[in-house]
Amino acid sequence: MEMDTKCVLCNRLDEDGTHLFFKCKGAVKVWRALGMEQHRRILERKSSASDAMKYILGTQEREQMIIVTFLWLWWLERNRYAAEYLAICKQNSKPAQVVKQMWKRPDRGWLKINSEGAFSERTSEGGWGVIIRDEEGDVVEAAAGKLTRLWNDYIV
Ligand SMILES: [Zn+2]
């Protein structure tokens, strides 16, 4: 099977887990904005996903939540980009309908805010994440957090 292995976010190096989550230009900006650069530097040197997870699980609970929420949001974002790329490749056979729902850069001079959240009904705990990007798609600010004692109808 022939596959394009270039990173869909920076379009530069081959995409693997280490590049995507810890070395990609955009990811590095978010790690820094989250104040988690010291963890990123350690994680980029881990030799397997299992070692990376062990390290993350060894951090403080608050840091774990931020790191895991970021990794989840980043993976979601990567897949949105990948889907947009595929939609463009297939534009001739399938017109714009798929592209319509993809993330788009804000107009010049504007910022765009995206947020996600999730929670477990079983534990009443959840996490949230926010990312603000400029007209180039570059990260201006990012944050993530943990919520406790949530109710099912707490979602705002
Ligand atoms: Zn990249």
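Computed from a prediction, not measured in an experiment: that's the story for all the values here. (Residues numbered from 1 in each chain as written. Predicted model: local features only at pLDDT ≥ 70, side-chain atom pairs only at ≥ 80, totals over all residues. Heavy atoms only, no water.)

1. Quick word on the coordination of the zinc ion
Looking at the metal site, the zinc ion is ligated by C7 (SG), C10 (SG), H19 (NE2) and C24 (SG), spaced 2.1 to 2.3 Å from it. For the zinc ion, the 4 donor atoms in the first shell make angles of 104 to 114 degrees at the metal, a pattern classed as tetrahedral. The sequence pattern describing where the donors of the zinc ion fall on their chain is C-x2-C-x8-H-x4-C. (Donors = N, O, S within 2.8 Å, 3.2 Å for Na, K, Ca; no water. Tetrahedral: all angles 85-135°; square planar, octahedral: opposite > 155°, others 65-115°.)

2. Observations concerning helix α2 (residues 25-33)
Those residues of α2 that fall on the buried side of the exposure criterion are A27, V28, V30 and W31. The buried residues of α2 all sit within an arc of 160 degrees when viewed along its axis, so they share a single face. Directly beyond the C-terminal end of α2, a positive phi value near 75 degrees is found at G35. (Buried < 20%, exposed > 50% of the residue type's maximum accessible area, 1.4 Å probe, protein only. Helix = DSSP H or I, 4+ residues; strand = E, 2+ residues; numbered from the N terminus. Arc of directions from axis to C-beta.)

3. Here we look at the environment of T5
Topologically, T5 is positioned in the segment before α1 (17-23). In this structure the C-alpha to C-alpha distance between T5 and D16, which are 11 residues apart in sequence, comes to 8.3 Å. When residues no more than four places from it in sequence are discounted, the contact partners of T5 are L13, D14 and E15. (Contact = heavy atoms within 4.5 Å.)

4. Focus: the sheet that holds strand β3 (residues 139-147)
Within the open sheet, the 3 strands sit side by side as β1-β2-β3. Their pairing is antiparallel. Of all the strands in the sheet, just β1 (112-120) and β3 have a single pairing partner and so form its edges. Each strand of the sheet is rotated relative to its neighbour by a mean of 10 degrees, with strand direction disregarded. Contacts from helix α5 (residues 61-89) reach β1, β2 (125-133) and β3, with the element oriented near 55 degrees to β2. (Pairing = 2+ DSSP bridges. Axes fitted to C-alpha atoms, helices over the stretch in contact; angles between N-to-C directions.)

5. As for the nonpolar core
In this structure, V30, W31, L34, L43, F70, L71 and W74 are the most contacted members of the largest nonpolar core, which totals 24 residues. Ranked by the residues each element gives to this core, the list is headed by α5, at 5 residues. Other than its neighbours up to four places away in sequence, L43 contacts F22, W31, A52, Y55 and I56. (Core = buried A, V, L, I, M, F, W, Y, C linked by side-chain atoms within 4.5 Å.)

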